[in-house]
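Chain by chain, the residues run as shown.
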Amino acid sequence: MSKTEQQKSTAADEGIKQLVSTLPTKPDCNSTTNLLYQYQGFWYHQFYLEHLIAAQTHFTPEPNSTILCSYPKTGTTWLKALSFAITTRTHYPPSQSPLLSRFPHDCVPFFELAPSVARNKLLVATHIPYTSLPAAAAAASGCKLAYICRDPKDVVVSLWQFQRKQKKEEDDDGDADMGIEEAFEQFCEGNSVAGPYWDHVLGYWRASLEFPERVLFVRYEELKRETERCVKALADFLGCGFSLEEEKQGIVQGIIDLCSIESLKGLDVTKNGRFAPTESMPYTIHNSSFYRKGEVGDWRNFLTEEMGARLDKIMADRFAGSGLGLWFSASNQETTN
Ligand code: PAP
């Protein structure tokens, strides 16, 4: 970077910091050191938000690229692994995939966190809500977006477990004050990180109705239940559907097996690596923290039936009239395909 460019980018950083300092804040019960800032209707930690705002101005995806979009803890790592394995399969069969030695988050970078790594890549990812995407990354501008969503009850538990583990790593007593009740309350009020969850989901849902060819709406529960069908649909969407020959050779199953939580969990890169998308990130995250149980319905081990019913009711109210049912509720599963 030239000196003038450096000066410009420092001035831009100062401008972003200034903007962030004027935003409404709330304490984050899941993290004692971080406030949440409200920006364009969603809540974020400062570090992430500064990167989001910078990306809104500076990030332009490659034409024909696909962006994997998600609310945290909804299946991002799985979707990244599958999409990467699908799109690189002609160069690397599953037995030689870079995923065996590289973490999915490093294979498919978050463009807001690692813009220089994401530049020129045809497959990138983001946690940014649809309505806050950089203009050039929206479906209206021609990008393809694959969005994964998940039962909010499992999301709140997964998020709480993740943040608790992270806090414990930073501070031995870190999980002492992190009760699930508080985290649940915060999630229900819409103040969780990148929340409200329902607005995150609805933004991409509406985009999928408006641009059905350009926005694929994937449900974690469906991906678990009908993995092969969903993986083939994902490949079609990514523009590299499987041939009959490939199916006969077991390539689809090979990719499914490679990207299973059991397989990814056991890799050295998972056991020994850390996620550090940018040098400026104030902490790094152990790669193993991104793989826990990977189950549908684990919320029953942490939330009461009443809590589950309350969150379902919130989602039903928020989704009313959108055409998006509660896909995670047993009675609605047949209608989600
Ligand atoms: P991120 O948004 O921080 O990247 P993300 O990958 O979306 O996290 O979510 C992690 C969840 O996906 C974990 O769920 P759990 O806490 O309920 O267990 C994790 O176990 C699950 N997960 C990660 N990889 C896979 C996979 N290959 N198959 C199924 N689930 C997975």
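Residues numbered from 1 in each chain as written. Predicted model: local features only at pLDDT ≥ 70, side-chain atom pairs only at ≥ 80, totals over all residues. Heavy atoms only, no water.

Quick reminder of the rule: UniProt positions are given in the numbering used here, feature names are shortened, and annotations may be inferred rather than shown by experiment.
For the protein, the name recorded in an unreviewed UniProt entry is Sulfotransferase, with Linum tenue as its organism. The UniProt entry for the protein carries the following text under Sequence similarities (unreviewed entry): "Belongs to the sulfotransferase 1 family."

### Concerning the packing of aromatic side chains
Here is the rule we go by: Any Phe, Tyr or Trp ring, taking Trp's six-membered ring, that has another such ring centre within 6.5 Å forms a pair; planes under 30 degrees apart are called stacked, those over 60 apart edge-to-face, and the others tilted. Runs of E in the DSSP output that reach at least two residues are strands. Runs of H or I that reach at least four are helices, and both are numbered from the N terminus. Using a 1.4 Å probe on the protein chains alone, a residue whose accessible area is under 20% of its type maximum counts as buried, one over 50% counts as exposed, and one in between counts as partly exposed. Working rule: Lys NZ or Arg CZ, within 6 Å of ring centre, within 35 degrees of ring normal, means a charge sits over the ring.
In the structure shown here, the tally under the stated rule is 19 aromatic pairs. With a centroid separation of 4.8 Å and an interplanar angle of 75°, the aromatic rings of Tyr71 and Tyr197 are classed as edge-to-face. Of this pair, Tyr71 sits in the loop between strand E4 (66–70) and helix H3 (76–87) while Tyr197 sits in helix H8 (residues 197–210); the two residues are 126 residues apart in sequence, bridging distant segments of the chain. The burial state of Tyr71 is the same as that of Tyr197; both residues are buried. Note that Lys73 overlies the ring of Phe162, its terminal NZ or CZ placed 3.3 Å from the centroid. The ring centre of Phe110 lies 3.4 Å from the NZ or CZ of Lys80, which sits over that ring.

### Section: the sheet that holds E4
Sheet strands associate in pairs through backbone hydrogen bonding, adopting either a parallel or an antiparallel arrangement. Selection rule: Pairing between strands is defined by DSSP: at least two bridges between the two strands are required. Interaxial angle, 0 to 180 degrees, is taken between N-to-C directions of lines fitted to C-alpha atoms, where a helix line uses only the stretch in contact. Contacts are assigned to residue pairs with any non-hydrogen atoms lying within 4.5 Å of each other.
Read across the open sheet, the 4 strands follow the order E5-E4-E6-E7; overall the sheet is parallel. The sheet terminates laterally at strand E5 (123–126) and strand E7 (215–219), the two strands that pair on one side only. Within this sheet the neighbouring strands show an average axis-to-axis angle of 20°, counted without direction. Here 4 bridges tie E4 to E5, and the two strands are oriented parallel to one another. Within E5, the position partnered with Ile67 by the bridge is Val124. Each of E4, E5, strand E6 (144–149) and E7 touches H8; the most contacted strand, E7, lies at about 135° to it.

### Focus: the site of the ligand
Short version of the rule: Think of it this way: one heavy atom of a residue within 4 Å of a molecule or strand is enough to make that residue near it. Identification of polar contacts relies on pairs of N or O atoms within 3.5 Å, with a donor-acceptor requirement for protein atoms, meaning one able to donate a hydrogen and the other able to accept it, and with residues adjacent in sequence counted only if both atoms are side-chain atoms. Per-residue and other accessible areas were derived by the Shrake-Rupley procedure at a 1.4 Å probe size, with only the shown protein chains allowed to occlude residues. When residues are sorted by character, Ala, Val, Leu, Ile, Met, Phe, Trp, Tyr, Cys and Pro go into the nonpolar class, Asp, Glu, Lys and Arg into the charged class, and all the rest, Gly among them, into the polar class.
Residues in close proximity to the ligand total 21 residues, the closest being Lys73, Thr76, Thr77, Ser158 and Gly294. Interatomic distance of 3.2 Å between a side-chain N/O atom of His127 and an oxygen atom of the ligand. Measuring from an oxygen atom of the ligand, one finds a backbone N or O atom of Gly294 at 2.7 Å. Calculation on the ligand without its partners gives an accessible area of 640 Å², and the protein chains cover 97% of this total. Each residue belonging to the shell around the ligand can be placed in one class, and the counts come to 8 nonpolar, 9 polar and 4 charged.

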